[in-house]
Amino acid sequence: MFEGLIGGFANCFDPINFTLLFLGTFLGLLVGALPGLSSPMAIIILLPVTYSLEALPALLVMIGVYVGTKLGGSFSAILLRTPGTPASACTAIDGFPMAENGQASLALGYATYSSFFGGLTSWIIAVTCIPIISAVALKSSNADIALIGIMGLVMVSAFTRGSMLKGFIGVCIGLLIGSMGMDKSDAIERFTFGSLDLLTGVPFAAALVGLFGFSVVLSDLSLMKTTSQLITEKFKIELPSFKDFCKRWRAWSIGSFFGAVVGAIPGVGADGATWLAYGTVKNNSKNPEKFGLGEPDGVIAPETANNGTTGGAMVPMLTLGIPGDASTAIMIGALYLHGLQPGVTLMKTGAEVVYGMLAGLLLAGIMMFVIAMGAIRFFVYILRQHRSLLFPFVMVFATLGAYASYNEIFPVYAAIFLGVFGFLMEERGFPVVTIVLGVILGPIIEYNTRIALQVADANWLTFMDTLPRIIILGIIIFLVFNEIKQGLIREKLSKTK
Amino acid sequence: MRNIFLSITFIIFGFSQIVLADYPDKAIRIIVPYKAGGGTDTIARGFAGAFSKAAGVDVVITNVNGGAGSKGVIQVQKAKADGYTLLLTGSTDMIGLSTFRKMPFKAVGSLDPVGGIYTTPTYILAHKDRGYTSLEEVIKKSKANPGKLTAGIGGKFGAHDVLANAVNGYKNAGFRIIAYDGGASLKKATIANEIDICIIHSPVLLNEVKAGLLNVIGTGGSLAKITYPKIQGTKTLREMGIPADVGVTRGLWAPKGTPKDVIKKLEKFIKAAATSEKFKKFGNNFGFGPKYYSSKAFLDLLNLEQSVYTDIKGKFMSK
């Protein structure tokens, strides 16, 4: 195993391979930082270019892009509140307020440290515990995934403290939007209004760039004549030190854990891990009220989890041929195109490529760190530009991102509609993040609950069948009661005042 | 006047001949109506290289995955009929959509088929720990416990669903059919031994079969071309007394009204690409040797599959 890894590193240090990995990472950071553009899009565009390469260099480019976009997506989430992926949407919750408070560079610095650290720890966990991570991926059945999804939803309901009802309504709207289209199990059409476009539901990309990007542009239109409020006089380039980062060990260790373990579970992976990490860190914080207003821990937790999923998603892809997310699904296709056979036998038949990819994953993380730390000034410089220059670019890239998700105009219309809708909701005090959460987790929870019940012949006790399920269920019940208790205490306090 | 008319006709005709003579002189776009990374997409990308070489121009794959696979078909329907926009999808995917849903197109007749490139039957697998070695054996067990044994499929109203319903219908098997949201989820459920049988397009999970983790217990068509001799003789549904052939043939379609000369050229390119060593190599690595169908043969196949679908839908699936 370790001999194989050493060989993998040796292959990665081949000048051509090393350069390709570096270029991939650089490109990934750049693409990810463009609002609305994501890793699968970049990988699929690069795929034909890699045909002429050998298998390992081709896959190293993709791994570079995969790792780079994870952090790049958070850059656009922090600076412009326009995440490119559902996973980086969570980073916007505290990252964007930090930028608004004049701490854009600090937020980007924390995000870079976290991504690097998350990637590193999850790599170590993934590589040293390949059998365990594979077992987690394989043994987590639909019932487990449904429960994890519900746990995420309940945990993040803490976002809504202060306006519980509005938050609850936001989640419900998100769940309703998420339920549109043909249901995945029975193929029944729901809320499609006879439209073919809506058969596959509201595209994720449209929901993200619409609810976040377009609605931000709309709400900031009043500032068009000023330069970005994010910088104003308060602006200064300030990077966190390693010591600062280490002090926040609780946030990054929780993030890394969720990244590596939940990231390995197909179907919930990266999208679920960030929210779970955020919710856990917030619930365990001494100052939960600071979250959502620009708390660094609120950037660190989802960011470590986000890059932490790379190791978690890569291992089941390599050992079982099961993709953890959209990017690894494309990489499986790429393995076939390069003459390899992904599946349980890949570790034997394509060991050299497998170990090369694992080594590349770690190296890409290091490259990402080096490039991103150097590029923060550049990104903040862009942010300092006049809004009348900045916003058209945001709109163009967000539109491009929505279009490219289906190669169709429909997601663009959907994004514009949701942008206006999100703007109106925010204006009335409904946090759009709760809507996005419902859109992301709703379909995961519904589909997995239904499949779990079908497999168990409609026996609801299946959700208490195993020890992990009982534990997750226990946490959910505890969280719900805790929320009710907290609500009652707050009510009592407000009455006594 | 007559002379002017003749001149214009000559110019137009001559011009169009020049255009056709030059075809193709720019990149050809192949629309795959599914997202990147799936089986059809991978086959399309495997084919694109060989096709590009045969046609002498670049070939670009575009994934148009909205509307449950219908939007890509509609885009090709609406595209200019000049041979530069083609559709690549599975025969039974098109048939499934238009048979079970209200679509603004029909699988047969709304586009011009220009050739089939890759045929794979749908086969039936079971985890080795279940101990099943033949479909008959599982059917027998399921009949004794109706509604207890599970059959996983990769989606509602596709080839997998038709096969599952054919087995249930013709043999009164009583499997509980569980529709997963695609091949990846079904693969995972099968390897994790969560379901009794898995109905999926061959050669998906072939490596797991080779590794001894899964058994092939039946097939919707001949497995003679699969790259694992041990299972090439697996009993087909017909051999078990179920009158249905179920599988998928990935092929290409051009918009209606594409000039005959262009179609002829496309047929030539597709034949050259589908029978090329490069594509054969890809197919063998993917797990199944490719098989070429001329446009006529592909159309006949589509008609045959359509009749099987209509038959099974009418008998067992229209509640």
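Residues numbered from 1 in each chain as written. Chains lettered and ligands numbered in written order. Predicted model: local features only at pLDDT ≥ 70, side-chain atom pairs only at ≥ 80, totals over all residues. Heavy atoms only, no water.

Enquirer: Hey, could you go over the pairing of strand 3 (residues 85-90) of chain B for me, with residue numbers and the actual values?
Expert: Residues and elements named next belong to chain B. Most of strand 3 sits out of view: 6 of its 6 residues are buried. Burial along strand 3 is two-sided: Thr85, Leu87 and Thr89 and Leu86, Leu88 and Gly90, pointing in opposite directions, are all buried. Pairing analysis gives 3 bridges linking strand 1 (residues 28-32) to strand 3, with the strands arranged parallel. Pairing of Arg29 across the sheet is with Thr85, part of strand 3. For strand 3 and strand 9 (residues 247-255), the ladder comprises 4 bridges, and the chain directions are antiparallel. In the sheet register, Leu87 faces strand 9, and the bridge partner there is Trp253. (Buried < 20%, exposed > 50% of the residue type's maximum accessible area, 1.4 Å probe, protein only. Helix = DSSP H or I, 4+ residues; strand = E, 2+ residues; numbered from the N terminus. Pairing = 2+ DSSP bridges.)

Enquirer: An account of the pattern of salt bridges is needed here, citing residue identities and associated values.
Expert: Counted under the stated rule, the structure contains 23 salt bridges over all chains. Here Arg450 of chain A and Asp183 of chain A are joined by a salt bridge, their closest N and O atoms 2.9 Å apart. Residue Arg450 of chain A is found in helix 21 (residues 432-455), and its partner Asp183 of chain A is found in the loop between strand 1 (181-182) and strand 2 (189-190); the two are separated by 267 residues along the sequence. Measuring nitrogen to oxygen at the nearest pair gives 2.8 Å for the salt bridge that ties Glu136 of chain B to Lys235 of chain B. With a gap of 99 residues between them, Glu136 of chain B in helix 5 (residues 135-144) and Lys235 of chain B in the loop between strand 8 (214-219) and strand 9 connect regions that are remote in the sequence. (Salt bridge = Lys/Arg side-chain N within 4 Å of Asp/Glu carboxyl O.)

Enquirer: Just give me the short version of helix 21 of chain A, but keep the residues and values in it.
Expert: Residues and elements named next belong to chain A. Taking 1.5 Å of rise per residue, 24 residues should cover 34 Å, and helix 21 covers 35 Å from first to last C-alpha, within 8% of that figure. Among the 24 residues that make up helix 21, 20 are buried, leaving the element largely enclosed by the rest of the structure. Asp457 sits one or two residues past helix 21 and shows a positive phi near 55°. (Expected span 1.5 Å × (residues − 1).)

Enquirer: Describe in detail a nonpolar patch on the surface, supporting the description with residues and values.
Expert: On the surface, Tyr403, Ile409, Tyr413, Ile416, Val420 and Leu424 of chain A cluster together to form a nonpolar patch covering roughly 550 Å² of accessible area. In terms of residues, the nonpolar patch owes the most to one element, helix 20 (residues 410-427) of chain A, which gives 4 residues. (Patch = residues over 30% accessible without salt bridge, like charges linked within 9 Å, V, L, I, M, F, W, Y side chains within 5 Å. Areas by Shrake-Rupley, 256 points an atom, 1.4 Å probe, with all protein chains shown as cover.)

Enquirer: Lay out the domain arrangement of chain B with the relevant residues and their values.
Expert: Residues and elements named next belong to chain B. By the assigned domains, chain B splits into domain 1 (2-120 + 248-316) and domain 2 (121-240). Between domain 1 and domain 2, the C-alpha centre-to-centre distance is 29 Å. With 19 residues of domain 1 at the contact, the number on the domain 2 side is 19 residues. Approximately 1600 Å² of surface area, both sides summed, lies buried where domain 1 meets domain 2, with 66% of it carried by carbon and sulfur atoms. Here domain 1 and domain 2 share 0 salt bridges between them. Counting across the interface, domain 1 meets domain 2 through 7 residue pairs in polar contact (both at pLDDT 80 or more). Secondary-structure elements contributing two or more residues to the side of domain 1 that touches domain 2 are helix 4 (91-100), strand 4 (111-127), helix 10 (277-286) and helix 11 (295-317). (Domains from an automatic or database assignment. Contact = heavy atoms within 4.5 Å. Buried area = accessible area lost by both parts, 1.4 Å probe. Polar contact = N/O pair within 3.5 Å; in protein donor to acceptor, adjacent residues only side chain to side chain.)

Enquirer: Break down the interface of chain A and chain B for me, with residues and values.
Expert: The interface of chain A with chain B comprises 46 residues on the first partner and 47 residues on the second. Summed over both sides, the interface between chain A and chain B buries roughly 3700 Å², with carbon and sulfur atoms accounting for 54% of that surface. Linking chain A with chain B are 5 salt bridges. We note a salt bridge from Asp457 of chain A to Lys148 of chain B, for which the minimum N-O separation is 2.9 Å. There are 18 residue pairs in polar contact (both at pLDDT 80 or more) connecting chain A and chain B. Taken together, the elements giving at least two residues each to the side of chain A that touches chain B come down to helix 3 (39-50), helix 8 (130-139), helix 16 (326-337), helix 19 (387-406) and helix 21 of chain A. With 5 residues, helix 16 of chain A is the single largest residue contributor to the side of chain A that touches chain B. Split by residue class, the side of chain A that touches chain B holds 26 nonpolar, 14 polar and 6 charged. (Nonpolar A, V, L, I, M, F, W, Y, C, P; charged D, E, K, R; others polar.)

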